[in-house]
Each structure stands twice: as C-alpha cells, then as structure tokens.
Amino acid sequence: MIKKYFVLFFVFSISLFSCSNYSKGDKERFIPLKEMKTDYEYFWDFIEKGYPNKNTCIRNGADLKSIKKYYAEKLKNLKTEIDYMKFYGIICSGITDKHFFGHLGIVDYGSYKNDIETISLENKRDEDFHYIKKDKRVEAFYTKGLGSNAEYMTAVQRYEKQKKDIAKFVFKKIKDDIFYIKIPAFLPTENFDWNDFEKYQKEITKNKYKHLIIDLRDNGGGYTFLWKKFLVSPLIKEAKTFKMIAFYNPSEFSDRYLPFFLKGDRWTFPAKISKRKNLPHLENLNKEEAASFKEAYDLEYTVEPERSDFQFDGKIWVLVNRKCYSASDAFAAFCKQTGFASLVGENTGGSGLLPIHPVYLKFPKSGMLIKYDMFYTLNPDGSNNAETGTAPDYPAKQKYALETCLEIIEKTN
C-alpha cells in the first residue's frame, strides 16, 4: 500500500483552550483522565527516545520541557476524540514550529480513511500496519469518535472541497519552444485524472518543445509513483539511481517496522540497503548530531525506464519553494542527484528522502495515531533533508522563479 508522504491537518476557528473546563469527573470524557495521562507520557517518551528529529526541533527553537509542562495542565479540559486530536495536532505543530519535520503530526479522519481503513489483512505488503488495523481502539477512535460527529464531518467535507478546488493543474504553451505544467499535488483530484496526462504527453511529443517547465511550487506531496510513472520513467533512456544515508536509533517505538525496511521493497523504487560503519566526509554534516545515532544505512533507489510514446529530448526545469514537501521534495532530490532536471527557486520543505514510508505511533489507551519518519536522512552534502530540504540549482525568490527560469532559458538559447 502506497502511503501518503504528506500531513493533512486543519484547525477549527474555535480554539480548543478558549472554552471553560469540562467536568472534573470522567463521565463526560471519552476515556478517563488517568488514561489520557498515560497516553501523554507515552507520547513524550517517544519524542525523547524515538523521534529522530528531536534535536532538529530544539535547534529551531522548540523548548520541549516547557511545551510538555504547559500542555500537561490542559489534559483535564479534553472531553471528546476531536478535542484529543486537535490537542495533539497543536502540540506537534508547536514542537516542529509548524514545519512538521519528518512528517510528525496527527493522523486525522481523512488520513485514517485513506491510509488505515484501506489496509488489507490479506496483503503482505501492508503487513507492517496489520497490528494497527486489528486494534479495535483505533477503529473506535476514528470511526465512532470522529466519524460520528456531524459538525466535525461537515468541517472535514468543507476542507476537502476547498483543497480540491485549490488543486488546479495547468498545461499550456508559454512560447513556441516552451511548455509549462503546474502540478499542485501528486494526487488525483476531482479536477484532474492523472490518466489524462497522456494527452499532454502527446502534445509535448508532437510539438517538439525545447524546454519543459514543471512548476511544483506549493506542492505539498502525495504519491511518489505518479511522478515516476508520468514524468520520469517514460523519458529516461537508462536506469537512474539516487542515494541517501539514513540514521537510526533502536527504540520500542520503531523497531517493529525495521524488518519491513530491511526487505528493501519500497513499491515504487527497488532499494539496495547496506549498513555503514564509517561516514564519508560530508561538508554540511552535523557531527554532534550524527554521533547521537547508533546505526547508519546506505540506500540506493533505482528508477527504471518504461516504454512509452512520450518523447522529449529538450531541457527540463522544475520550479520549487519551501512548500514543496514529501513526494515533491523526493522528485526534486531525484532531479538534482541524477541531472534529470534543473531546479529553480528556493530550498524545498524536505522530508522526501524516506528510507521507508512514514510510520505510526499508536497511543496505548485512546488508539489515536501519530505519523512520523523513523529515520533521520541526509542530503548528499550531509545536511538534514527534513530540515533544509533540497537546494535549487538556480536560487530565486519563489514568486519570481518562473521569470528567473525564462531568463535563464533566454540566455542559454
């Protein structure tokens, strides 16, 4: 099962903490306050021992002790599953300063429906998440606690509609020799079926454009197989490989997923994995942080060419900014490492170099899920991919990226 490489979370207009305290008793709470405290300690134990980007968050200004102390006092205000989800969504946002380093964030109802409810107990590819699928507490939290609330579901539907309305794909000729594609997300939407991409492939092939501009600005991610299938595999003549080094610390939170990582089966990319003892010289490696991890892995992912009528022999340009996250960062990293395309704009938002799909922290009492990356991955220069993203070949302010790209093209023609 392909997992989404991006986090969906929205905050209602009414603040969780503006309301008066609920009853001090447990009658109105969906689980007792004592169990909420157990979940809370479990979450912070994970942040301390199992979250690979903890020091990244601290470096970016997070005072974890203060956050933990402050929100511990708010537990008694929580009543429903929705309160609970919003509560931890706010905490994750505060820990990461709204950057959600390494996909850290709550699993909302939409993500549950797409990523958890669709898990097949018959499919071994989903085996790493079977224990979640089988847990009735998880099902109860999301289907009974969230799905049965009419007001919440109305807000979910409104949000999904707004998201679909915003996600507009654009295909157009800019000049006689330049074709432009805007991809707002690597996801299918009501406005665009990815199978329709073939007609634009035919147009590009027929008109023999010299330049193809792919605008990924504000692309929050989606499914990596879409950029592989429609943009890369049809155009490459030979296999392309991109690499990374991934750090890992054994923990009770992530060790259950390690066997699935070591299989090297990433669906989209066949992976070659080997354990590394010594690190090479990397210009921007944080040596102190690297020393805090006990294990390091070398990974190579290979994208194979596929037979296609899509032909393009010109130059490919990709426009990026800080809101290019997850699957769109993965595409940017692939382009930069392999030379498939030149990047124009700002550093991406990162979290695209994933040794394995984002995994889940399951709360022991409530059954709520937190999503996170279990590895700390490096860019080729040694910098943290989740923190710095992928750097462009041609830096430019994001709103001027297209103009800058056209200027570069004009100079090179």
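Going by the structure above, here's the rest.
For clarity, every value in this text was computed on a predicted model and none was experimentally measured.

Rules behind the numbers
- Residues numbered from 1 in each chain as written.
- Predicted model: local features only at pLDDT ≥ 70, side-chain atom pairs only at ≥ 80, totals over all residues.
- Heavy atoms only, no water.
- Salt bridge = Lys/Arg side-chain N within 4 Å of Asp/Glu carboxyl O.
- Helix = DSSP H or I, 4+ residues; strand = E, 2+ residues; numbered from the N terminus.
- Buried < 20%, exposed > 50% of the residue type's maximum accessible area, 1.4 Å probe, protein only.
- Polar contact = N/O pair within 3.5 Å; in protein donor to acceptor, adjacent residues only side chain to side chain.
- Patch = residues over 30% accessible without salt bridge, like charges linked within 9 Å, V, L, I, M, F, W, Y side chains within 5 Å.
- Areas by Shrake-Rupley, 256 points an atom, 1.4 Å probe, with all protein chains shown as cover.
- Lys, Arg positive; Asp, Glu negative; His and termini not counted.
- Charge placed at Lys NZ, Arg CZ, Asp CG, Glu CD.
- Expected span 1.5 Å × (residues − 1).
- Arc of directions from axis to C-beta.
- Contact = heavy atoms within 4.5 Å.
- Pairing = 2+ DSSP bridges.
- Core = buried A, V, L, I, M, F, W, Y, C linked by side-chain atoms within 4.5 Å.
- Axes fitted to C-alpha atoms, helices over the stretch in contact; angles between N-to-C directions.
- Parallel < 35°, antiparallel > 145°, perpendicular 65-115°, else oblique.
- Left-handed = near helix turned anticlockwise from the far one by under 90°.
- Nonpolar A, V, L, I, M, F, W, Y, C, P; charged D, E, K, R; others polar.
- Phe/Tyr/Trp six-rings, centres within 6.5 Å; stacked < 30°, edge-to-face > 60°.

Caption draft 1: The arrangement of the pattern of salt bridges in detail. For the coordinates displayed, the defined rule picks out 21 salt bridges. Between Asp115 and Lys371 there is a salt bridge, with its nearest N and O atoms 3.5 Å apart. One end of the pair, Asp115, is in helix H5 (residues 109–116); the other, Lys371, is in strand E11 (residues 369–372), and 256 residues separate them in sequence. Note on accessibility: Asp115 and Lys371 belong to one class, buried. Several salt bridges share partner residues, and in doing so they unite Arg59, Glu289 and Glu387 into one network.

Caption draft 2: Structural detail: the environment of Asp193. Relative to the helices and strands, Asp193 resides in the loop between strand E3 (178–182) and helix H9 (197–207). Separated by 2.9 Å, the side chain of Asp193 and the backbone nitrogen of Asn195 make a polar contact.

Caption draft 3: Looking closely at a negative patch on the surface. A cluster of acidic side chains, namely Asp193, Asp196, Glu198 and Asp309, defines a negative patch on the protein surface. With relative accessibility at 39%, the residue Asp193 sits in the partly exposed group.

Caption draft 4: Structural detail: unusual backbone geometry. Positive phi, normally seen in glycine, also occurs at Lys208, with a value near 50°. One non-glycine residue with positive phi stands out, namely Asp218, at about 70°. Of note, Asp218 is situated in the loop between strand E4 (211–215) and helix H10 (224–232). Judged by relative accessible area, which is 44%, Asp218 ranks as partly exposed.

Caption draft 5: Structural detail: helix H15 (residues 401–412). Spanning 12 residues, H15 covers 16 Å between terminal C-alpha atoms, matching the ideal 16 Å at 1.5 Å per step. Turning to H15, its buried residues are Ala401, Leu402, Thr404, Cys405, Ile408 and Ile409. Projected onto a plane normal to the axis of H15, the buried residues spread over an arc of 160° and lie on a single side. Exposed side chains of H15 directed beyond 90 degrees from the buried face belong to Glu410 and Lys411. If you follow the buried residues of H15, they end up packed against strand E2 (170–175), E3, E4, strand E8 (315–320), strand E9 (342–345) and strand E13 (394–395).

Caption draft 6: Inspection of the sheet that holds strand E10 (residues 359–362) at higher detail. Taking strand neighbours across the sheet as the criterion, the three strands line up as E1-E11-E10 in an open arrangement whose pairing is antiparallel. The sheet is open, and its two edges are formed by strand E1 (105–106) and E10, each paired on a single side. Two elements, E10 and E11, share four bridges in a ladder whose sense is antiparallel. Within the sheet, the bridge partner assigned to Lys362 lies in E11 and is Leu369.

Caption draft 7: Quick peek at the nonpolar core. Of all hydrophobic cores here, the largest spans 107 residues; its most connected members are Phe43, Tyr88 and Phe331. With eight residues, helix H4 (residues 81–95) is the single largest residue contributor to this core. Residues contacting Phe331, with those up to four places away along its chain left out, are Phe186, Ile214, Leu216, Trp227, Leu231, Val232, Val318 and Phe340. Within the second largest apolar cluster, 11 residues are counted, among which are Tyr180, Trp317, Val344 and Leu402.

Caption draft 8: Seen up close, the packing of helix H3 (residues 64–72) against H4. One way to put it is that H3 packs onto H4 with a least axis distance of 10 Å and a crossing angle of 165°. As the angle between them shows, H3 and H4 are arranged roughly antiparallel. For the pair H3 and H4, the crossing hand works out as right-handed. Contacts between H3 and H4 pair Leu64, Ile67 and Tyr71 from the former with Phe87, Ile90, Ile91, Gly94 and Ile95 from the latter. Looking at side-chain class alone, the contact of H3 with H4 contains seven nonpolar, one polar and no charged residues.

Caption draft 9: Structural detail: the sheet that holds E8. Reading across the sheet, the six strands line up as E2-E3-E4-E8-E9-E13 and stay open at both edges, with mixed pairing between neighbours. Only two strands of the sheet have a single neighbouring strand rather than two, namely E2 and E13. Pairing of E9 with E13, which is carried by two bridges, proceeds in the parallel orientation. What sits directly across from Gly345, in E13, is Pro395.

Caption draft 10: Geometry of the pairing of strand E7 (residues 295–303). In terms of burial, E7 is largely enclosed, as seven of its nine residues are buried. With nine bridges connecting them, strand E5 (residues 240–248) and E7 associate as antiparallel partners. Looking at E7, one finds that Phe247 is bridged to Ala296. One ladder, built from five bridges, connects strand E6 (residues 271–275) with E7; its direction is antiparallel. Bridge pairing links Lys272 to Glu300 in E7.

Caption draft 11: Layout of the packing of aromatic side chains. Applying the stated criterion to the full structure yields 47 aromatic pairs. Arranged with centres 6.2 Å apart and planes meeting at 75°, the rings of Phe186 and Phe331 form a pair that is edge-to-face. Highlighted residues: Phe186 in the loop between E3 and H9 and Phe331 in helix H13 (residues 327–338), separated in sequence by 145 residues. Per residue, the accessibility class of Phe186 equals that of Phe331, and both read buried.

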